[in-house]
Amino acid sequence: MRAESPGPQHEWLDAAAGPVVRPYTLTGGRVRPAVDGFDLVAFVLAAPAADASGQPGLQPEHRRLVELARRPVAVADLAADLDLAVGVVRVLLGDLLARGLVAVHQPPTAAHLPDDNILKAVVNGLRAL
């Protein structure tokens, strides 16, 4: 009995990893998000009633981002969790932000942080206790 040979191999299939998709395919070739300013440490939070499953035009990665953002999570952590480039995650988050499915909370700027001298004085005061 002769074993049949498997079907033709495609370059976009990988035996160990499954389908391999180029990152720009996920973003439709876009390299910039619709909304600028996604800092790596910015926190993303899904809208309370966000339901990405009923939204037309969203990819599975969009839906996964909404699921992961049910708790506040940093943009860098989302990229790591999805194993995607940060640029791709920023573009996908821009799509979600434009649809009102997520909110992005930027970290405070250095101008809003206390002066180093004040922090040193507090530490010295605590040590004196």
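Residues numbered from 1 in each chain as written. Predicted model: local features only at pLDDT ≥ 70, side-chain atom pairs only at ≥ 80, totals over all residues. Heavy atoms only, no water.

Going by what an unreviewed UniProt entry lists, the chain is known as DUF742 domain-containing protein and is assigned to Micromonospora coerulea.

Caption draft 1: Spotlight on the sheet that holds strand S4 (residues 73–74). Ordered in space as S4-S3-S5, the 3 strands form an open sheet in which the pairing is antiparallel. Both outer strands of the open sheet, S4 and strand S5 (102–105), are each paired with one neighbouring strand and no more. For strand S3 (residues 43–46) and S5, the ladder comprises 4 bridges, and the chain directions are antiparallel. Paired with Ala46 across the two strands is Val102, which belongs to S5. (Pairing = 2+ DSSP bridges. Helix = DSSP H or I, 4+ residues; strand = E, 2+ residues; numbered from the N terminus.)

Caption draft 2: Up close: helix H4 (residues 86–98). With 13 residues, H4 ought to run about 18 Å at 1.5 Å a step, and its terminal C-alpha atoms sit 18 Å apart, in line with that. All of the buried residues along H4 are Val88, Val89, Val91, Leu92, Leu93, Gly94, Asp95 and Leu96. (Expected span 1.5 Å × (residues − 1). Buried < 20%, exposed > 50% of the residue type's maximum accessible area, 1.4 Å probe, protein only.)

Caption draft 3: Representation of the nonpolar core within the structure. Counting residues in hydrophobic clusters, the biggest one holds 23 residues, and the most contacted among them are Val44, Leu65, Val66, Leu78, Val89, Leu93 and Leu96. Put simply, the parts of the chain that give this core at least two residues each are S3, helix H2 (60–68), helix H3 (75–82) and H4. Among the elements that take part in this core, H4 stands out by supplying 5 residues, more than any other. Other than its neighbours up to four places away in sequence, Leu65 contacts Leu78, Leu82, Val89, Leu92, Leu93 and Leu96. (Core = buried A, V, L, I, M, F, W, Y, C linked by side-chain atoms within 4.5 Å. Contact = heavy atoms within 4.5 Å.)

Caption draft 4: A look at H2. All of the buried residues along H2 are His62, Leu65, Val66 and Leu68. All buried residues of H2 fall inside an arc of 165° around its axis, so they share one side. Looking at the buried positions of H2, the neighbouring elements they touch are S3, S4, H3, H4 and S5. (Arc of directions from axis to C-beta.)

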